[in-house]
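One-letter residues, chain by chain:
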Amino acid sequence: MGEMIFLQPVFKEVLWGGDKLQTMFGYSIPSNHTGEGWMISAHPKGDCQITEGSYKGETLSWLWKNHRELFGGLDGEVFPLLVKIIDAKDHLSIQVHPDDAYAAVHENGALGKTECWYVLDCEPDSTIVVGHNAKTKEELKAMIAEKRWMDLIQIRPLHKGDFFQINPGTVHAIRGGSVILEIQQSSDITYRLYDYDRLQDGKPRELHLDKSIDVIRCPHEDAATESQAETGEGFTSTRLVSCPFYTVTKVHVSGTAVFSQNQPFQMISVFEGEGFFDKKPVKKGMNFLIPSGYGSYTVTGNLEFMVSSVN
Ligand code: ZN
């Protein structure tokens, strides 16, 4: 059995942030420049506190360290994943992340970063950056040296419900007017390639051109995603991606459905509607963990949620 683990999000104020974490999800946020809610995180830059139950007041990193049985006895120094909700009122910088091997050597043993995005909402005519147009490293270097940013980046139309897998080495950027659920490796290593020449406190933010050039894959290739829906009693589920770091599945429950927790742990992100997980009321915007050995659980209501787990 065991109990579901509910966490207090950690909010991050940034230049490009907005107020949607409050207006869409009802969270009390530090300001109307709140760009990120770290909803399930044990990262040292935002370690979520447990809000109820036997471990109330402890952090997720503490739980990982002291109760590994709740995570199926997985190995590893750090809790491997991080779930964020991102409110991009303005554009994020154009960036790229290293893989584990590069980060281990160049970033003091930190994890690399593979991430994926589910578009919770966006304004009409929104766009997103995924990929670039340089065929070779030489062409990439030339385009960066000549600051031909708009020729370099691939800007794509964006719609609510879109899903993207961003592998390390992929040039990417969330753009203004979108709200995104991000599931990622627990890493904060970002190489900034271009920041629209914006100033923060009168200065441009630091760029990391050499490291970006090191890690960007040429030519760009879209990562594989999936979209095959399965239906069962009271639910439809669609696996969106399965990569070496995580599997993410979208679930729509209408009525009553029973699921079994047969993974080391499951991270649940409710993004539409409301209902109950066993007896616990949940609604849009809530994120929580179902530990190892919990067994089966019953979801009732009309709601959509993401189930993320390690592989
Ligand atoms: Zn990123």
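Residues numbered from 1 in each chain as written. Predicted model: local features only at pLDDT ≥ 70, side-chain atom pairs only at ≥ 80, totals over all residues. Heavy atoms only, no water.

Here we take up the coordination of the zinc ion. Donor atoms from the polypeptide that coordinate the zinc ion comprise His 97 (NE2), Glu 115 (OE), Glu 115 (OE) and His 172 (NE2), at 2.1 to 2.6 Å from the metal. Geometry at the zinc ion is irregular, judged from its 4 donor atoms and the angles of 51 to 125° they form at the metal. Spacing between the donor residues of the zinc ion along their common chain follows H-x17-E-x56-H. Placement of the pair is His 97 in the loop between strand 8 (94-96) and helix 3 (100-106) and His 172 in strand 13 (residues 172-174), with a sequence separation of 75 residues. Here the two residues His 97 and His 172 agree in accessibility, since each one is buried. (Donors = N, O, S within 2.8 Å, 3.2 Å for Na, K, Ca; no water. Tetrahedral: all angles 85-135°; square planar, octahedral: opposite > 155°, others 65-115°. Helix = DSSP H or I, 4+ residues; strand = E, 2+ residues; numbered from the N terminus. Buried < 20%, exposed > 50% of the residue type's maximum accessible area, 1.4 Å probe, protein only.)

Looking now at the domain arrangement of the protein. Looking at the assigned domains, one finds that the protein contains domain 1 (5-215) and domain 2 (228-310). Put simply, the middle of domain 1 and the middle of domain 2, counted by C-alpha atoms, are 23 Å apart. Taken together, the 33 residues of domain 1 in the interface contact 28 residues of domain 2. Contact between domain 1 and domain 2 buries roughly 2,600 Å² in total, counting both sides, with carbon and sulfur atoms accounting for 73%. Joining domain 1 to domain 2, the criterion identifies 2 salt bridges. (Domains from an automatic or database assignment. Contact = heavy atoms within 4.5 Å. Buried area = accessible area lost by both parts, 1.4 Å probe. Salt bridge = Lys/Arg side-chain N within 4 Å of Asp/Glu carboxyl O.)

A word on unusual backbone geometry. Geometrically, the link from Cys 218 to Pro 219 is a cis peptide bond, its omega value of -10° lying close to zero. In this fold, Pro 219 is placed in the loop between helix 6 (209-215) and strand 18 (229-232). Of note, Lys 147 is a non-glycine position whose phi angle comes to about 55°, a positive value. Structurally, Lys 147 can be placed in the loop between helix 4 (137-145) and helix 5 (149-152). Assessed through its relative accessible area of 61%, Lys 147 is described here as exposed.

In this section: the side chain of His 43. Within the secondary structure, His 43 sits in strand 4 (residues 42-43). Apart from the residues within four sequence positions on either side, His 43 is in contact with Trp 38, Leu 82, Ser 186, Ser 187 and Asp 188.

In this structure, the largest pocket encloses a volume near 500 Å³. Looking at the lining of the largest pocket, the elements that each hand over two or more residues are strand 2 (10-18), strand 3 (34-40), strand 7 (81-88), strand 9 (115-122) and strand 13. In terms of residue count, strand 2 provides more of the lining of the largest pocket than any other element does, 4 residues in total. A per-class count over the lining of the largest pocket returns 8 nonpolar, 6 polar and 11 charged. Roughly 330 Å³ of volume is contained in the second largest pocket. What lines the second largest pocket is a set of 17 residues, among which Thr 249, Phe 259, Gln 263, Gln 266 and Val 307 lie closest to the centre. Elements supplying a minimum of two residues to the lining of the second largest pocket: strand 19 (235-242), strand 20 (247-261) and strand 24 (295-309). (1 Å grid on protein atoms, 1.4 Å probe; cavity = no way out; pocket = protein on both sides within 12 Å on 5 of 7 lines; lining within 4 Å. Points joined across faces, edges and corners; volume = space filled by probe spheres on them. Nonpolar A, V, L, I, M, F, W, Y, C, P; charged D, E, K, R; others polar.)

Moving on, we get to the environment of Ser 227. Looking at the element boundaries, Ser 227 is found in the loop between helix 6 and strand 18. On the basis of relative accessible area, Ser 227 is assigned to the exposed category, the value being 62%.

Relative accessible area serves as the criterion here: at 2%, His 172 is assigned to the buried category. Reaching out from His 172, the side chain makes a polar contact with the side chain of His 97 at a distance of 3.1 Å. A polar side-chain atom of His 172 sits 2.8 Å from the main-chain carbonyl oxygen of Thr 170. The residues contacting His 172, other than those within four sequence positions of it, are Ser 93, Ile 94, Gln 95, Val 96, His 97, Glu 115, Trp 117, Val 129 and Ile 166. (Polar contact = N/O pair within 3.5 Å; in protein donor to acceptor, adjacent residues only side chain to side chain.)

For Ser 41, the position within the fold is in the loop between strand 3 and strand 4. For the pair Ser 41 and Leu 81, spaced 40 residues apart in sequence, the C-alpha to C-alpha distance is 7.2 Å. Residues contacting Ser 41, with those up to four places away along its chain left out, are Gly 46, Asp 47, Cys 48, Leu 60 and Leu 82. Within polar-contact distance, the side chain of Ser 41 engages the backbone nitrogen of His 43 at 3.1 Å. At a separation of 2.5 Å, a polar atom in the side chain of Ser 41 contacts the main-chain carbonyl oxygen of Gly 46.

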